[in-house]
Amino acid sequence: MNVLFGSLTHFGALLFFALVVSLTFAFLSKYGIAERLKYAAWAFLAFLLVAIGIGWLMYPFSQ
Amino acid sequence: MKMEVVKGNQTMGIIAAIAGWVVPGLGHLVLRRWSKAAVYFLCIGGLACAGLAMRGGVFGGASEDLFDRLGFFADLGAGVFYFLAHQLQAAGPDVAHATGDYGTRLFAAAGMLNLLTVLEAYEIGRGGEPR
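All figures in this text were calculated on a predicted structure; none of them were measured in a lab.

Observations regarding the overall build of chain A
Part 1: Check the secondary structure of chain A and you find three helices and zero strands.
Part 2: Along chain A, from the amino end to the carboxyl end, the secondary structure elements read α-α-α.
Part 3: Relative to its length of 63 residues, chain A is extended, with a C-alpha radius of gyration of 14 Å against a globular reference of 11 Å.
Part 4: Its C-alpha atoms give chain A principal-axis dimensions of roughly 45 × 30 × 15 Å.
Part 5: Burial analysis of chain A (63 residues in total) assigns 19% to the buried set.

Encoded structure:
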């Protein structure tokens, strides 16, 4: 377990978090495989877009 | 699409909720929601284990700090992963580094997600819902 996650990059951690939370939300809120997959894909992409967007918004303050 | 409705009662709801809190997905397993049980166990268990492997901190209940107490309740939601945290995390927490700090958030997120699945298990067990 430590080998898998101990050396995870920040982006890798974001990808993993987005994936498992999207899947869980999809199974909590939707019925049927197609609906769940669609919801999970959208939620996953939304997590990534928002995280990368906020990252870029904060970029000027890191200088 | 025709939905099959499963009848339940208050006792079944409480049993499913407690089982789901103790082990993520177990409440849905009791209710024979196989796919949900598997996904919840893998996702929430994976998130909790990842948080511990990243050497995230686990909040104790004795703190006077409000943020620590919120963290304690979030972590407690992870059920068995909270109680086994010290065994699973042999090296102990290291929140001085960003990875450890992320691990703390991942573990708390696992607890909060599990509380959502517990509520769903209770709802299914209590009154039934479409599959």
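Right, picking up where we left off after that structure.
Here we look at the environment of A:Ala43
Residues and elements named next belong to chain A.
Part 1: Inspection of the secondary structure puts Ala-43 in helix H3 (residues 33–58).
Part 2: C-beta crowding within 10 Å serves as the criterion here: with 19 such atoms nearby, Ala-43 is assigned to the partly exposed category.
Part 3: Look past the residues within four positions of Ala-43 in its chain and what remains in contact with it is Ser-22, Phe-25 and Ala-26.

Quick notes on the interface of chain B and chain A
Part 1: Residue-level contacts link 20 residues of chain B with 17 residues of chain A.
Part 2: Looking at the side of chain B that touches chain A, the elements with two or more residues in it are helix H3 (34–53) and helix H7 (98–127) of chain B.

Considerations on the nonpolar core
Part 1: B:Leu47, B:Ala48, B:Leu106, B:Phe107, B:Ala109 and B:Ala110 are the most contacted members of the largest nonpolar core, which has 35 residues in total.
Part 2: Among the secondary structure elements, those contributing two or more residues to this core are helix H2 (10–29) of chain A together with H3, helix H4 (66–76), helix H5 (80–83) and H7 of chain B.
Part 3: Dropping the residues within four chain positions of it, B:Ala110 is found in contact with B:Ile44, B:Leu47, B:Ala48, B:Gly51, B:Ala78 and B:Phe81.
Part 4: The next biggest cluster of nonpolar side chains, apart from the first, holds eleven residues, and it includes B:Met12, B:Ala17, B:Trp21 and B:Val118.

Notes on the packing of H3(B) against H7(B)
Residues and elements named next belong to chain B.
Part 1: H7 packs onto H3 with a crossing angle of 155 degrees between their chain directions and a minimal axis gap of 7 Å. As the angle between them shows, H3 and H7 are arranged roughly antiparallel. The interaxial crossing formed by H3 with H7 has left-handed handedness. Only Gly-103, Thr-104, Leu-106, Phe-107, Ala-109, Ala-110, Leu-113, Asn-114 and Thr-117 of H7 make contact with H3, whose side of the interface consists of Tyr-40, Ile-44, Leu-47, Ala-48, Ala-50, Gly-51 and Leu-52.
Part 2: Residue composition of the contact of H3 with H7, grouped by class: eleven nonpolar, five polar and no charged.

Things to note about the confidence of the model for chain B
Residue and element names in this part refer to chain B.
Part 1: Mean pLDDT over chain B: 88, with 92% of residues reaching 70 or higher.
Part 2: Considering each helix and strand of chain B separately, the mean pLDDT is smallest for helix H6 (residues 85–88), with a value of 83, and largest for helix H2 (residues 26–30), with 96.
Part 3: Across the assembled chains, the prediction reports ipTM 0.86 with pTM 0.88.

Cut-offs applied
Residues numbered from 1 in each chain as written. Chains lettered and ligands numbered in written order. Predicted model: local features only at pLDDT ≥ 70, side-chain atom pairs only at ≥ 80, totals over all residues. Helix = DSSP H or I, 4+ residues; strand = E, 2+ residues; numbered from the N terminus. Rg over C-alpha atoms; globule rule 2.2 N^0.38 Å. Buried ≥ 20, exposed ≤ 12 C-beta atoms within 10 Å, placed from the backbone. Contact = placed C-beta atoms within 7 Å. Core = buried A, V, L, I, M, F, W, Y, C linked by C-beta atoms within 7 Å. Axes fitted to C-alpha atoms, helices over the stretch in contact; angles between N-to-C directions. Parallel < 35°, antiparallel > 145°, perpendicular 65-115°, else oblique. Left-handed = near helix turned anticlockwise from the far one by under 90°. Nonpolar A, V, L, I, M, F, W, Y, C, P; charged D, E, K, R; others polar. pLDDT = per-residue confidence, 0-100.

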